[in-house]
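Observations on the model geometry
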Amino acid sequence: EGRREPPIELYRQALERNPRSFRFHANLGNALRDLGRRAEAINAYRASIAIQPNRAALHNLAVLLVEGDDLEEAITLLERATTLEPGAFESHLELGLAHFRRGTRDRSASSLSRAAELVPPDQSVPVVAALAAVEADDAIEIVLARLVASNASGELRRRALKELKGDPLAVDGM
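To keep things clear, this report deals only with the structure shown in the data block. (Residues numbered from 1 in each chain as written. Predicted model: local features only at pLDDT ≥ 70, side-chain atom pairs only at ≥ 80, totals over all residues. Heavy atoms only, no water.)

1. Some thoughts on the pattern of salt bridges
Under the defined criterion, the tally for this structure stands at eight salt bridges. Among the charged side chains, a salt-bridge network with shared partners connects Glu9, Arg12, Arg37 and Glu40. (Salt bridge = Lys/Arg side-chain N within 4 Å of Asp/Glu carboxyl O.)

Structural data, given as structure tokens:
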């Protein structure tokens, strides 16, 4: 396919020389995650955070934990991530989605509203604005309508749909 294998062995060799590098641990986690090696990626992110708490590793670990339905720890990690880097749009968005899955709609709306305030110009504001409406009973239908109408990236649409409706392929053809 022409796709390069993530440099896992290079990160492991680098960690042999510098085992206290939180960046090498986090990058190893990213490479392992990309290969679908979830448990190993989780361990690498935990090692990174143990050395030096950093938003990227906290965020990435939390995303893996949400996928495994460990919402409590994921929310704690995302709260730490947003404290370390309050302007991190992605962490506020993930925190809002985790709260939505947990059923804490008020906290979900608060986090997603904050994400809407921080959304970068290359992202779709209507998607985040719609997600901020999760406190409404018909929020899922509003979100789905706006997702279809918006120009959100395919990845953002898939993530939101997976969280809200459980059907990540529903709008792939759009």
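Moving on from the coordinates now.
2. Focus on the environment of Pro53
Of note, Pro53 is situated in the loop between helix H3 (38-51) and helix H4 (55-67). Distance from Pro53 to Arg80, taken between C-alpha atoms, is 8.7 Å for residues 27 residues apart in sequence. (Helix = DSSP H or I, 4+ residues; strand = E, 2+ residues; numbered from the N terminus.)

3. Things to note about helix H2 (residues 22-34)
Here H2 spans 18 Å end to end across 13 residues, near enough to the 18 Å set by a 1.5 Å rise per residue. Taken residue by residue, H2 has Phe22, His25, Ala26, Leu28, Gly29, Ala31 and Leu32 as its buried positions. On its buried face, H2 is in contact with helix H1 (8-17), H3 and H4. Count one or two residues on from H2 and you reach Gly36, which has phi positive near 80°. (Expected span 1.5 Å × (residues − 1). Buried < 20%, exposed > 50% of the residue type's maximum accessible area, 1.4 Å probe, protein only. Contact = heavy atoms within 4.5 Å.)

4. A short note on the packing of H1 against H2
Packing of H1 against H2 brings their axes to within 9 Å, and their N-to-C directions diverge by 160°. When the axes of H1 and H2 are compared, the pair comes out roughly antiparallel. Every pair of crossing elements has a handedness; the one defined by H1 and H2 is left-handed. Here Ile8, Tyr11, Arg12, Ala14 and Leu15 of H1 come into contact with H2, specifically with Phe24, His25, Asn27, Leu28, Ala31 and Leu32. Considered class by class, the residues forming the contact of H1 with H2 number eight nonpolar, two polar and one charged. (Axes fitted to C-alpha atoms, helices over the stretch in contact; angles between N-to-C directions. Parallel < 35°, antiparallel > 145°, perpendicular 65-115°, else oblique. Left-handed = near helix turned anticlockwise from the far one by under 90°. Nonpolar A, V, L, I, M, F, W, Y, C, P; charged D, E, K, R; others polar.)

Don't take any of this as a statement about function, it's just geometry.
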